[in-house]
Structure formats: structure tokens, C-alpha cells
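Structural overview
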Amino acid sequence: MYLLLCLSVFAVGYLANMVMITVCYHRGLAHGAVKLSPLTRKLVIHLGLWITGLTPKAWAVMHRRHHEYSDTPKDPHSPSNVGLWGVMAAQAVSYYRTMEGLDAKDPEFTRFAHGLDFDHTWAHNRVVRTLPYVLHTAIAVGIFVGFDAFWLGLAYFVGLMSHPIQGFLVNSLGHSVGGRNFETTDDSTNNAVVGLVVFGEGYQNNHHAYPRSAKFSFRPWEFDAGFVACVVMEAFGLLRIDYPQLIPDRLPVASLTPEQPAVRDLEPVLVQEFVAADSQGAQGPRPAQLAPMPAEKVAAVSRRVN
Ligand SMILES: [Zn+2]
Ligand SMILES: [Zn+2]
């Protein structure tokens, strides 16, 4: 019974944290893949910091910079710059630098704040930004001391404040370990385990190929719990999914070009899949299996860095 209570408390905290970060901050504020209702947006702006320990504006700006400079030297948290384990420190340092950059109105940061028309300077204060951690630590210690329930207090704290671990898993393994469905100009990968644990966020390759899609999964066996949360929240009128921007169900037929006849011959099954593609997907990125473009990748990356 005690174990069940601990698991339930952890699950509720983790669900609240995940919905706030992956649905509201990421798919909502950073990419506009879902449009938050006025009420949801207000709750996110005023409550987000207290549920996640992260301010929505700084998080969204840092994340947009990650997409802009993905896996180049200016990426805020790329394993190709700092190594797998270095991502943990890099994401924390980058987050605080983002807050300072926004407060100083540094164009390198403010130019990524379009559409984030709310002031969050107050939350960047050195004292204020630690308060969510102080609050949740105090509650956890209160549970431990008051009810002599160490594991329950720990379940409460970890459920709500595990964002550094989630971020580490996504930003390190999601850019180094796993397969790729699409040829993108970064090192993004699809990591099913991280995808399962962090509500679809492990499918970084799919996401970098279609950043405005509310759905991060592509193959039938890929599961994105974050998108399920979007669908449920839409049913309750809390947000609206941008359906035309969704990742297509099939690989795009238009990505086959006349210059690739040999690839057509080699991949008959995939070609079949392409023929079933819808016109929406025809505008999408090339599938990785059919279009390995190392030279173009290098050119694109150096273009973005310079
Ligand atoms: Zn990424
Ligand atoms: Zn993103």
C-alpha cells in the first residue's frame, strides 16, 4: 500500500511536469505546434516555474537556439561539443546564460523570443529562481519528518523536479544514440527508450525534421505519450493541435529525385511507402535511408555557424 502511494505521488508529479515541459513549453510556446488556450497560456506563464523549476521564456529561447545551431559549436547543449556526460552541466550553464542574455536584452537571445510576449524578468532573479526548489524540498522534508515517510517525500520531489535528468537523456542520447528516419543537418537520433520515459522527446530526429509537428513519432512502433497528452488536452479545450503541420504518416514521394535511380532500385519497399504519401508530406525532409548527404550536411552546418 505504501509503495502504491509512493508510485502514485511520483506519477502525478511526473505527469504534471511532463505536460508542462513537453506539451506547453516545447510544443506550445517554443514551436507553436499546439496553440494554447488563453487560460492554459496564463497558467503556463504563471505556474510553469513552480511546477518545473524552469521559466517558460528562458526555456523556449534556449530551445529555439538549440534548433538554430543544432550540433554546431553554438548549440547550447550538444554532445558533439561537450561529450555525452558534459551535456548535464552544459544545459544548466546555457539555461542561466539565456536568462542573463534576455535580461541584458542581448540580441543573440532576444531574437529568439518572438511570440513570447510576456515578461519573465522577475523570475530570473537569483533568489526567486531558486524558490521552486526550496518550496518542493521543504514539502518533501515535511512529508519525511511529519509522516516518517522518506520514500514518499522522495517520490514527491523527484516526480516534480527531475527535469535535469530528463533534459540530459534527451539532449545527450537523443543526439547520439539511436537510428534516424530523416536526413537532417544535425546529429539527432531516435531513441525509443528515452522516447518512452520522456513522453516522446527521445524522437529527436523526427522532431528536428518536423519541428512544428505536435507529434514526434513517425514509425508505427514509435510511441509519443506527449502527443496523446495533446489529444486529451484538446478534447478538454485546453489547446488546439496544428494538424496541417503534423509529421506525415508516410515518407514523402517528392523526395525521390531523378538523380537517385539506383536508390529507387535498392529500396523497393520504401518506394511503395512513398507512393502512399500524402501531398502534405511531399514538402518534408528527405528520408535518411534514401538520401545520405554528408557533403550537403557539412555545407549547411558551416553556413549556419558562419
Ligand atoms: Zn534536439
Ligand atoms: Zn524542439
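This text follows the structure it describes.
Treat the numbers as computed from the prediction; the structure is a model and nothing was measured.

**As for the overall build of the protein chain**
- Secondary structure assignment for the protein chain yields 14 helices and 2 strands.
- When the 306 residues of the protein chain are sorted by exposure, 44% land in the buried category.
- When contacts within the protein chain are restricted to residue pairs at least 6 apart in sequence, long-range pairs at least 24 apart make up 64% of them.

**Quick notes on the nonpolar core**
- Of all hydrophobic cores here, the largest spans 56 residues; its most connected members are Cys24, Tyr25, Ala58, Tyr156 and Cys230.
- For this core, the element with the most residues is helix α1 (residues 2-30), which contributes 11 residues.
- Excluding residues within four positions of it along the chain, Tyr156 makes contact with Val9, Gly13, Ile139, Ala140 and Ile143.
- Counting 5 residues, the second largest nonpolar core, distinct from the first, contains Ala209, Tyr210, Phe218 and Ile247.

**A look at the packing of helix α6 (residues 131-147) against helix α7 (residues 150-161)**
- Across the interface, α6 lies against α7 with an axial gap of 7 Å and an inter-helix angle of 165°. By the angle class used here, α6 and α7 are roughly antiparallel. Pair α6 / α7 crosses with right-handed handedness. Side by side, α6 and α7 meet where Tyr133, His136, Thr137, Ile139, Ala140, Val141, Ile143, Phe144 and Phe147 of the first sit next to Phe150, Leu152, Gly153, Leu154, Tyr156, Phe157, Leu160 and Met161 of the second.
- Residues belonging to the contact of α6 with α7 are distributed by class as follows: 14 nonpolar, 3 polar and no charged.

**Things to note about α6**
- Along its 17 residues, α6 runs 23 Å from first to last C-alpha, staying within 8% of the 24 Å computed at 1.5 Å per residue.
- Along α6, the positions that sit buried rather than exposed are Pro132, His136, Ala140 and Ile143. Around the axis of α6, the buried residues are gathered within 60° of arc, so they sit on the same side. Exposed and facing more than 90 degrees away from the buried side of α6 are Val134, Ala138, Gly142, Val145 and Gly146.
- Those residues of α6 hidden inside the fold are in contact with α2 (38-52) and α7.

**A few points about the packing of α1 against α2**
- Taken N-terminus to C-terminus, the directions of α1 and α2 make an angle of 130°; their axes are 10 Å apart at the nearest point. Comparing their axes, α2 and α1 come out oblique. Pair α1 / α2 crosses with left-handed handedness. Together, Ala16, Asn17, Met20, Ile21, Cys24 and Tyr25 of α1 and Thr40, Val44, Gly48, Ile51 and Thr52 of α2 make up the contact between the two elements.
- Residues belonging to the contact of α1 with α2 are distributed by class as follows: 7 nonpolar, 4 polar and no charged.

**Quick word on the environment of Leu196**
- Mapped onto the elements, Leu196 comes out in helix α9 (residues 192-197).
- Of the residues examined, Leu196 has 14 C-beta atoms within 10 Å and is grouped as partly exposed.
- In this structure, the C-alpha to C-alpha distance between Leu196 and Phe223, residues 27 residues apart in sequence, is 6.8 Å.

**Some remarks on the environment of Gly167**
- With respect to the element layout, Gly167 can be found in helix α8 (residues 163-173).
- Between the C-alpha atom of Gly167 and that of Glu201, which follows or precedes it by 34 residues, the distance is 9.2 Å.

**Section: unusual backbone geometry**
- Of note, Asp71 is a non-glycine position whose phi angle comes to about 60°, a positive value.
- For Asp71, a count of 21 C-beta atoms within 10 Å translates into the label buried.
- Residue Phe199 is not a glycine yet carries a positive backbone phi of 50°.
- With respect to the helices and strands, Phe199 occurs in the loop between α9 and α10 (204-209).
- Residue Phe199 is classed as buried on the basis of its 27 C-beta neighbours within 10 Å.

**A short note on the environment of Ala192**
- Within the element layout of this structure, Ala192 appears in helix α9.
- Separated by 29 residues in the primary sequence, Ala192 and Trp221 have C-alpha atoms spaced 9.3 Å apart.
- When sequence neighbours within four positions are dropped, the list of residues in contact with Ala192 reads Gly202 and Glu222.

Calculation criteria
Residues numbered from 1 in each chain as written. Chains lettered and ligands numbered in written order. Predicted model: local features only at pLDDT ≥ 70, side-chain atom pairs only at ≥ 80, totals over all residues. Helix = DSSP H or I, 4+ residues; strand = E, 2+ residues; numbered from the N terminus. Buried ≥ 20, exposed ≤ 12 C-beta atoms within 10 Å, placed from the backbone. Contact = placed C-beta atoms within 7 Å. Core = buried A, V, L, I, M, F, W, Y, C linked by C-beta atoms within 7 Å. Axes fitted to C-alpha atoms, helices over the stretch in contact; angles between N-to-C directions. Parallel < 35°, antiparallel > 145°, perpendicular 65-115°, else oblique. Left-handed = near helix turned anticlockwise from the far one by under 90°. Nonpolar A, V, L, I, M, F, W, Y, C, P; charged D, E, K, R; others polar. Expected span 1.5 Å × (residues − 1). Arc of directions from axis to C-beta.

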